Structure formats: C-alpha cells, structure tokens
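# Understanding the architecture of this molecule
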Amino acid sequence: MREDLQRLLELQTWDLETIRLEGELNSSAPVREEIVQKVLDGRKKTTALKEKYQQVCITRKDMEAKIEELQAQIAKYSAQQLQTKKNDEYRAFENQIAAARKNISTLETKVLELMDAEELARKTYEDSAKSDKENEKAYKERILSIDKLKATHTQEIKERKQKRKELEAKVEPALRIRYERMFRNKRGHVLVGIDGGACGGCHIKLPQQAVLSCISEEPNVTCINCGRMLYYSPEMHVEN
Ligand SMILES: [Zn+2]
C-alpha cells in the first residue's frame, strides 16, 4: 500500500472515531430533554389527580356541614313547636321538620356516594405519586449517565482534536486538503479499499483500469461513480 495513503488512512480512522463520538454526544441532548419532559408530565398528571381528590373531599365536607346545619334547624323547630299553643303553627313546624329531614336523607346518600368517589380518587392519586417516585429514580439515573457521557465525550473529543494535529502533519498537505473537503461533504469514509473489485464506498464495480492503477500504486485513483479515493492492500481480493 502506498505510504501516503497509509498515513491518510490512519488520519481517516482517527476522524471517523471522532465523528462517532460527536454523533453520540449530539444525540444525547434530545434524549435527555425527553426524559425531563416525562418527569414533568408525570408530576403534572399527579398534581391534577391530587386536586381532583381534594375537590371531592371539600364537596363532601360541605355537605356534612349542611347536614349539621339542618339538624340544628330541626332542633330549633322542635323547641319552638313545643312552645306554641296554636295548631296551625304546630303543623307548620312539623312540615318544616319533615322537609329538613328529607333534605338530610338526600344529602346523606350523596355523602356516602362521595365517600366512595373520594376513596377512589385518593387511591388513584397515591398510586400516581408512587409511580412518579419510582420512575423518577430510574430517570435520574439515566440523566446522570447522560451527563457523565457528555462530560467524558466532550473531553475526549477535545483531546482527539489536539492529537489529530500530529497525525495530519504526517500527510502531504494537498492530499490532506482534498481528503478533508470530501470528508466534510460525505461525513464518512473518503479513502476506501477495492476489495472484490468494487468501490468500498458506493460498491459499484470498478473498471479494470482503475483496479490495475490501484494495484500498481498510481497516485490519485478515484471511483468513477462517487469520487472517493481508492487504495489497494495485498489482503484484498480483486479479479484478474
Ligand atoms: Zn464509489
């Protein structure tokens, strides 16, 4: 294999690992955001369930207060009823007491219904809060691992870019500039082998002349289809 291409291949291997790390780093941000959103959505749902439960509780207590009020009224009417000497007044009190008792009975039925609803609402809210707590524990671990990956990858990419200078200095400038321009466009393999007689990048079958030029280590052999730089090394199989 040509020595200049060997060095360029080392540079490319280096660059490919760097962009792989950059890719992982970039894809971690939306994943993190998604996890944070799930935590917030969970809490929002639980808060709504808590408010619903509290509302049922308030309604039940209001009705119980109303029942107490009616019972006090009945006691008052009963006392007044005992004091009156007039028959029509006596009957009027009796009617009012009966009406209040009827109201109490209706309210008591409602209170019983609300107690069931309240129990269900309380359980739903508590289950949701429990599930939030469990989920958040797992989410927190994932966020910590994402943050750790971000820190280590950022540092490693920085170090790799520094170290790259040593590798790039070994490659002839014109060749390196051509490679870098293509690498930016393709975001991947630019210098490829010709194993099987085909371009290692786009996999099109290469003309025999191109294969022969590679084998005889001519400079600047490129794929007629995709323009990638081609190289040959002895372990590759090519047709005669
Ligand atoms: Zn190609």
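This text gives an overview of the structure that appears in the document. (Residues numbered from 1 in each chain as written. Predicted model: local features only at pLDDT ≥ 70, side-chain atom pairs only at ≥ 80, totals over all residues.)

## A short note on the overall build of the protein chain
Across its full length, the protein chain holds 4 helices and 2 strands. Scaling as 2.2 N^0.38, a compact globule of 240 residues should have a C-alpha radius of gyration of about 18 Å, whereas the protein chain reaches 41 Å, well beyond that. Dimensions of the protein chain, computed from C-alpha atoms along their principal axes, come out at roughly 130 × 35 × 25 Å. The buried share of the protein chain, taken over its 240 residues, is 11%. Counting only contacts in the protein chain whose residues sit at least 6 apart along the sequence, the fraction spanning at least 24 positions is 70%. (Helix = DSSP H or I, 4+ residues; strand = E, 2+ residues; numbered from the N terminus. Rg over C-alpha atoms; globule rule 2.2 N^0.38 Å. Buried ≥ 20, exposed ≤ 12 C-beta atoms within 10 Å, placed from the backbone. Contact = placed C-beta atoms within 7 Å.)

## Some points on the nonpolar core
Leu8, Leu191, Ile194, Cys199, Cys214, Leu230 and Tyr231 are the most contacted members of the largest nonpolar core, which has 19 residues in total. Of all the secondary structure elements, the ones that give two or more residues to this core are helix H1 (3–83), strand S1 (191–193), helix H4 (208–215) and strand S2 (229–231). Those residues in contact with Leu230, other than ones at most four positions away along the chain, are Val192, Ile194, Cys199, Ala210, Cys214, Val221, Thr222 and Cys223. (Core = buried A, V, L, I, M, F, W, Y, C linked by C-beta atoms within 7 Å.)

## Comments concerning the environment of Thr154
Position of Thr154 among the secondary structure elements: in helix H2 (residues 87–169). In sequence terms Thr154 and Leu21 are 133 residues apart; their C-alpha atoms lie 8.6 Å from each other.

## Things to note about unusual backbone geometry
Unlike most non-glycine residues, His203 shows phi in positive territory, near 65 degrees. Mapped onto the secondary structure, His203 falls in the loop between S1 and H4. For His203, a count of 12 C-beta atoms within 10 Å gives the class exposed. Phi is positive for Glu217, close to 55 degrees, though the residue is something other than glycine. Examined against the element boundaries, Glu217 turns out to sit in the loop between H4 and S2.

## Notes on the packing of H1 against H2
Direction vectors running N to C along H1 and H2 enclose 165 degrees, while the axes themselves pass 4 Å from each other. Here H1 is positioned roughly antiparallel relative to H2, judged by the angle of their axes. Of the two possible hands of crossing, H1 and H2 adopt the one that is left-handed. When the residues that make up the contact of H1 with H2 are grouped by side-chain class, the tally is 35 nonpolar, 17 polar and 26 charged. (Axes fitted to C-alpha atoms, helices over the stretch in contact; angles between N-to-C directions. Parallel < 35°, antiparallel > 145°, perpendicular 65-115°, else oblique. Left-handed = near helix turned anticlockwise from the far one by under 90°. Nonpolar A, V, L, I, M, F, W, Y, C, P; charged D, E, K, R; others polar.)

## Observations concerning H1
When the terminal C-alpha atoms of H1 are compared, their 122 Å separation across 81 residues agrees well with the 120 Å that a helix rising 1.5 Å per residue should span. Restricting attention to buried positions, one finds in H1 the residues Leu5, Leu8, Leu11, Gln12, Asp15, Thr46 and Tyr53. (Expected span 1.5 Å × (residues − 1).)

## Quick notes on the environment of Arg60
Locating Arg60 in the fold gives a position in helix H1. Separated by 54 residues in sequence, Arg60 and Leu114 have C-alpha atoms that sit 6.2 Å apart. In this structure Arg60 touches Val111, Leu114, Met115 and Glu118, once residues within four positions along its chain are discounted.

## Concerning the environment of Tyr139
Mapped onto the secondary structure, Tyr139 falls in helix H2. Separated by 73 residues in sequence, Tyr139 and Lys66 place their C-alpha atoms 47 Å apart. For Tyr139, the contacting residues outside a window of four places in its chain are Ile35, Lys38 and Val39.

The analysis is restricted to geometry; functional conclusions fall outside its scope.
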